[in-house]
Amino acid sequence: MAPGTSKERTFLPLALPACAVYKSGMEQLQKPAIQTLAHHEHILILDFGSQVTQLIARRLRESGVYCEVWPFNHAPEERIRAYNPKGIILSGGPCSVTEQDSPRAPDCVFEMGVPVFGICYGQQVMVQQLGGSVEGGHSGEFGRAHIDIVDESKLLKGVWEKGAHEQVWMSHGDRVTSLPEGFRVVGKSEGAPYAFIADRERRFYGVQFHPEVIHTPHGRELLKNFTHEVCGCSGDWTMAAFRAEAIAKIRAQVGDGTVICGLSGGVDSSVTAVLLHEAIGDKLHCIYVDTGLMRAGESQQVVELFREHYHIPLIHEDASDLFLGALEGVSDPEEKRKTIGRLFIEVFEKRAAEIGDAQFLAQGTLYPDVIESVSFTGGPSVTIKSHHNVGGLPERMNLKLVEPLRELFKDEVRELGVELGMYPDFVKRHPFPGPGLAIRIPGEITKEKLEILRKADTVYLEEIRAAGLYDAIWQAFAVLLPVRSVGVMGDGRSYDYVCALRAVTSTDGMTADYYPFDHEFLGRVSSRIINEVRGINRVTYDITSKPPGTIEWE
């Protein structure tokens, strides 16, 4: 979508216009959002399809305010009124309010007497519905921009002062051209004369920029001023409170039943298991399927941690020969993933049957998964990669799902893990893919390649930790490339594999940039790998961002 069109700039992985995606999604039946934790102060976020709506929710949670994201087309008036939010935020979106049948907010949003904050498309839809005007065809603003603050507002308390010239992040083609009665201008930019507006009496606010993204440096504070100064929230959302509430909910749901948990050794399933064990004790049974595709010593660490430290009943199924045998000769990445996923379900199902009369299956579903499952942009999309999890098991095994983390974001899961007494180093580990090292060896997988990669990856992570950089990096790993390179080792010729190193920074994995290691660090890692790992004689560093690349190589 080119600058100057009448729609907000988004990045949809589709070959359809953004509003066509919206209309396709409107036709799809979606499951309802999660049940509210109604006794907490809460804010409602109505989603109009922005790909950064989740960031709004994360910013609010970070300031101690519970919130939920509902697609605008799953928010009838009776449901909104019953939810009784302390405030409502209208998100951005890919459509234009000037188009017929484009999304609108339910009228009750502006009639309930609660504060409303419209962001980008959310500002435009509020203005349009309240009697102002929005037009397309003007010069848009995409990326970094600056606004001039021309008036005071509660949202600006301790953040920006009148007369300030501040950086923000814009992504719009349409713009507000006249205000509804009662509104005044708080800030303006070169391309948006009404970039920041407010109706002080009704406590309605609108901004054309995106305060939820990090490129608006003080956006977090603006959102906190809305929730705390305008809506009157005190910030009662804590992991200690969630822990107690989650344990009570698990006990009420499970009763005297038995729960099976598929333990991958990752953060989400591990925190799920520890929380469930605290709630129901030995009625929880964990199954760890060892695919033979884990990092060095990882399977042993998982087994020892859960059996000896947490004292959680654990079935350890070493199926490495089965998985490696099935993957012999397989080089296509999608076929690898599907093979691993199919075998995982078969092995898990077999061992689960040995437990006896289990009624529940526990999964580490997170809130982003829930949001995506009810997104109105549910139309056709390109499959970049299939994912490996235990999806499909409840239907096959006739089990009810227990998903105690489905109200949490990833960073909150890590906080909960610390609250539960789990080792901080464990819960802060980098993400690791379900198919494991299989997708870090492009081409055919062999035991020899796996051992070479494990050793190189171990050296790389050792050096990252020694440099104090581990927590500054979202994900770091080594990849064993399917090419060989001529080298000189001592006085002889070598012909060995090439190793690529990857390290990225990110907030959610949706976008990422490479970590800017200094050359001294990279030289040190390269030297250690080549000298210590037999089978590698050349090391490269991947400086591709996401997009256009993905974080993993396959």
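About the criteria used
Residues numbered from 1 in each chain as written. Predicted model: local features only at pLDDT ≥ 70, side-chain atom pairs only at ≥ 80, totals over all residues. Heavy atoms only, no water. Helix = DSSP H or I, 4+ residues; strand = E, 2+ residues; numbered from the N terminus. Buried < 20%, exposed > 50% of the residue type's maximum accessible area, 1.4 Å probe, protein only. Contact = heavy atoms within 4.5 Å. Lys, Arg positive; Asp, Glu negative; His and termini not counted. Salt bridge = Lys/Arg side-chain N within 4 Å of Asp/Glu carboxyl O. Polar contact = N/O pair within 3.5 Å; in protein donor to acceptor, adjacent residues only side chain to side chain. pLDDT = per-residue confidence, 0-100. Expected span 1.5 Å × (residues − 1). Core = buried A, V, L, I, M, F, W, Y, C linked by side-chain atoms within 4.5 Å. Arc of directions from axis to C-beta.

### Details of the overall build of the protein
Each helix and strand counted, the protein has 16 helices and 20 strands in total. In the protein, which comprises 554 residues, the share counted as buried stands at 56%. Within the protein, residue pairs in contact and separated by at least 24 positions form 77% of the contacts whose partners lie at least 6 positions apart.

### Brief notes about unusual backbone geometry
Lys546 connects to Pro547 through a cis peptide bond whose omega is -15 degrees. Take Pro547: it is sitting in the segment after strand 20 (536-541). The backbone phi angle of His311 is positive, close to 55 degrees, even though this residue is not glycine.

### Digging into the side chain of Asp47
Note that Asp47 resides in strand 1 (residues 42-47). Arg79 provides the closest opposite charge to the buried, unpaired Asp47, separated from it by 12 Å. Looking at Asp47, its side chain comes within polar contact range of the side chain of Thr53, at 2.9 Å.

### Observations concerning the pattern of salt bridges
Once the charged atoms of two side chains with opposite charge are near each other, the side chains can pair. In total, this model carries 27 salt bridges according to the counting rule given. Glu229 is the partner of Lys157 in a salt bridge, and the nearest nitrogen-oxygen pair spans 3.4 Å. With Lys157 in the loop between strand 6 (141-149) and strand 7 (165-172) and Glu229 in helix 5 (residues 219-230), this pair connects stretches of sequence that are 72 residues apart. Residue Glu229 is classed as partly exposed on the basis of its relative accessible area, which comes to 32%. A salt bridge links Glu463 to Arg524; its shortest N-O distance comes to 3.0 Å. Of the two residues, Glu463 is situated in helix 15 (residues 447-466) and Arg524 in helix 16 (residues 519-532); the sequence distance between them amounts to 61 residues. Relative accessible area serves as the criterion here: at 35%, Arg524 is assigned to the partly exposed category. Each of Glu462, Glu463, Arg524, Arg528 and Glu532 takes part in salt bridges that share partners, so that together they form one network.

### Side note on the confidence of the model for the protein
Looking at the protein as a whole, the pLDDT averages 84, with 86% of positions reaching at least 70. Overall, residues 1-36 carries pLDDT values under 50, and its contacts beyond four positions in sequence, including any with other chains, amount to 98 contacts. Confidence drops under pLDDT 50 across residues 376-392; counting only partners more than four residues distant or on other chains, this segment forms 41 contacts.

### Focus on helix 15
Between its terminal C-alpha atoms helix 15 stretches 29 Å, which fits the 28 Å expected from 20 residues at 1.5 Å a residue. Among the residues of helix 15, Lys449, Leu450, Ile452, Leu453, Arg454, Ala456, Asp457, Val459, Tyr460, Leu461, Glu463 and Ile464 are the ones counted as buried. Following helix 15 by one or two positions, Gly468 adopts a phi angle in the positive range, close to 70 degrees.

### Regarding the nonpolar core
Of all hydrophobic cores here, the largest spans 69 residues; its most connected members are Leu46, Leu90, Val109, Val271, Phe306 and Leu416. No other element matches the 8 residues that helix 7 (residues 267-280) contributes to this core. Excluding its chain neighbours within four sequence positions, the residues that come into contact with Val109 are Leu46, Ile80, Ile88, Leu90 and Val116.

### Brief notes about the side chain of Ser91
Relative to the assigned elements, Ser91 resides in the loop between strand 3 (87-90) and strand 4 (116-119). Polar side-chain contacts of Ser91 include one of 2.8 Å to the backbone nitrogen of Phe48. There is a polar contact of 3.4 Å between the side chain of Ser91 and the side chain of Thr53. Excluding residues within four positions of it along the chain, Ser91 makes contact with Leu46, Asp47, Phe48, Gly49, Ser50, Thr53, Ile56, Ile119, Tyr121 and Gly122.

### Notes on helix 8 (residues 298-309)
Every α-helix carries 3.6 residues per turn, so stepping three or four residues along brings you back to the same face. Taking 1.5 Å as the rise per residue, helix 8 with 12 residues should run 16 Å; its terminal C-alpha atoms sit 15 Å apart, in good agreement. Within helix 8, the full set of buried residues consists of Glu298, Ser299, Val302, Val303, Leu305 and Phe306. Down the axis, helix 8 shows its buried residues gathered within 165 degrees of arc, on one side only. Summarising the geometry of helix 8, the exposed residues directed more than 90 degrees from the buried face are Gln300 and Glu308. Summarising the contacts, the buried residues of helix 8 are in contact with helix 7, strand 13 (284-290), strand 14 (314-318) and helix 14 (424-427).

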